[in-house]
Amino acid sequence: MRNVILLDDQKEITNEFASYIREIGLIPYECQTIDEALEVIDTFKDKDEAVELFVFDHDLGMGDTSLNLIKTLEDEGYTDYQNHFIVATGLDSDDVTYDYAKYGSMGHLIKPIHKAQFLQTVKHVLKRIEYATTQREDWQSAYELLESEGLLDSIDDLKKNKTVLFYLSTSIHAVSRQGGSFYSMRYCTVIFFKKWGFIFFL
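Residues numbered from 1 in each chain as written. Predicted model: local features only at pLDDT ≥ 70, side-chain atom pairs only at ≥ 80, totals over all residues. Heavy atoms only, no water.

**Student:** I would appreciate a short explanation of the environment of Q32 in the present structure.
**Tutor:** Assignment of secondary structure puts Q32 in the loop between β2 (27–31) and α2 (34–46). For the pair formed by Q32 and I13, sequence separation is 19 residues and the distance between their alpha carbons is 9.8 Å. If we ignore the near neighbours within four places in the chain, the residues touching Q32 are L7, D8, D9, Q10, K11 and T14. A polar contact is formed between the side chain of Q32 and the backbone oxygen of D8, at a distance of 3.2 Å. (Helix = DSSP H or I, 4+ residues; strand = E, 2+ residues; numbered from the N terminus. Contact = heavy atoms within 4.5 Å. Polar contact = N/O pair within 3.5 Å; in protein donor to acceptor, adjacent residues only side chain to side chain.)

Next up, the structure:
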C-alpha cells in the first residue's frame with residue numbers, strides 16, 4: 001500500500017490533491033485537523049503499516065500549524081514522517097521553509113499549486129525516498145556480509161562510522177555494474193580501513 005496523508009484545513013484542497021495522487025496509484029487519507037491526522041497515523045501504527053508520504057499545509061487555522069503536529073509526533077517517538085513529507089502552503093516565507101527543513105522536508109510548494117507542479121514534486125520525492133530505502137538495505141547487506149566472513153569483529157564496528165559504510169556500499173555497486181570482482185573490492189576496502197585508517201575511493 002502506498003498511503004499518503006494529506007493535511008490541510010481546507011477540504012477542497014485535500015480533495016483536489018487526493019484526486020491528483022489517485023491518478024498515480026497512491027491512496028490518499030484526507031485530514032483537516034491535527035487530531036484527525038493523529039487518528040489516521042495511529043490506525044497505521046496499529047496495523048504496522050507504513051505511510052509513504054505526508055503532505056502538510058502550514059497554517060491550519062486557530063493558531064495550529066503542521067509544526068505542532070510534527071512536534072507531537074516527535075514527543076511520541078514517531079519518526080516515520082522524517083524525510084517523507086512535503087509542505088504545501090500559501091505562506092511564502094524563508095523562515096517557514098527553514099523550520100520544516102530542520103525536520104526533513106523533501107519539498108516546499110507555494111499555493112496556488114498547479115496539478116503538473118504537484119505531481120512532479122510528489123513523483124520526485126517518492127523516487128528520492130525509494131533511493132534512500134535502497135541505500136539503507138544495501139548498508140544492512142554490507143554489515144551482514146562483512147560480519148559473516150569475519151572481516152569485522154562486530155557489526156557495531158562499522159555502524160560507528162556510517163560515512164565509511166556509504167563509500168563501501170558505493171564501491172560495491174560500482175564494481176558490480178562494471179562486471180568486476182565483488183569480493184576483491186569488498187576485501188580491499190575493508191583492509192584499507194582496518195589497517196591504515198582510510199577508505200579506498202572509486
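**Student:** Would you mind showing me how to read the pattern of salt bridges here?
**Tutor:** Note on pairing: side chains with opposite charge can pair once their charged atoms come close. With the rule as written, the count across this model stands at eight salt bridges. Across the pair K45 and E76 runs a salt bridge whose closest N-O atoms are separated by 3.9 Å. Taken together, the residues K45 in helix α2 and E76 in the loop between α3 (66–75) and β6 (85–89) connect sequence positions 31 residues apart. Overall, the relative accessible area of 45% leaves E76 in the partly exposed class. Because the salt bridges share partners, they merge into one network encompassing D8, D57 and K111. (Salt bridge = Lys/Arg side-chain N within 4 Å of Asp/Glu carboxyl O. Buried < 20%, exposed > 50% of the residue type's maximum accessible area, 1.4 Å probe, protein only.)

**Student:** Before we go on, may I ask you to explain the packing of aromatic side chains in this structure?
**Tutor:** Aromatic ring pairs are described here by two measures, namely the spacing of the ring centres and the angle between the planes. Under the criterion given, the structure shown has eight aromatic pairs. Between the aromatic rings of F17 and Y20, the centroid separation amounts to 6.4 Å while the plane-to-plane angle is 45°, which identifies the pairing as tilted. Within this pair, F17 and its partner Y20 are both found in helix α1 (residues 11–22), separated by three residues, close to a single helical turn. The same class applies to F17 as to Y20, namely buried. Ring plane angle 65° and centroid distance 6.3 Å describe the contact between F85 and Y100, whose orientation is recorded as edge-to-face. You can see F85 sitting in strand β6 and its partner Y100 sitting in helix α4 (residues 94–101), a full 15 residues away along the chain. By way of ring pairs, the aromatic residues F54, F56, Y81, F85 and Y100 are connected into one cluster. (Phe/Tyr/Trp six-rings, centres within 6.5 Å; stacked < 30°, edge-to-face > 60°.)

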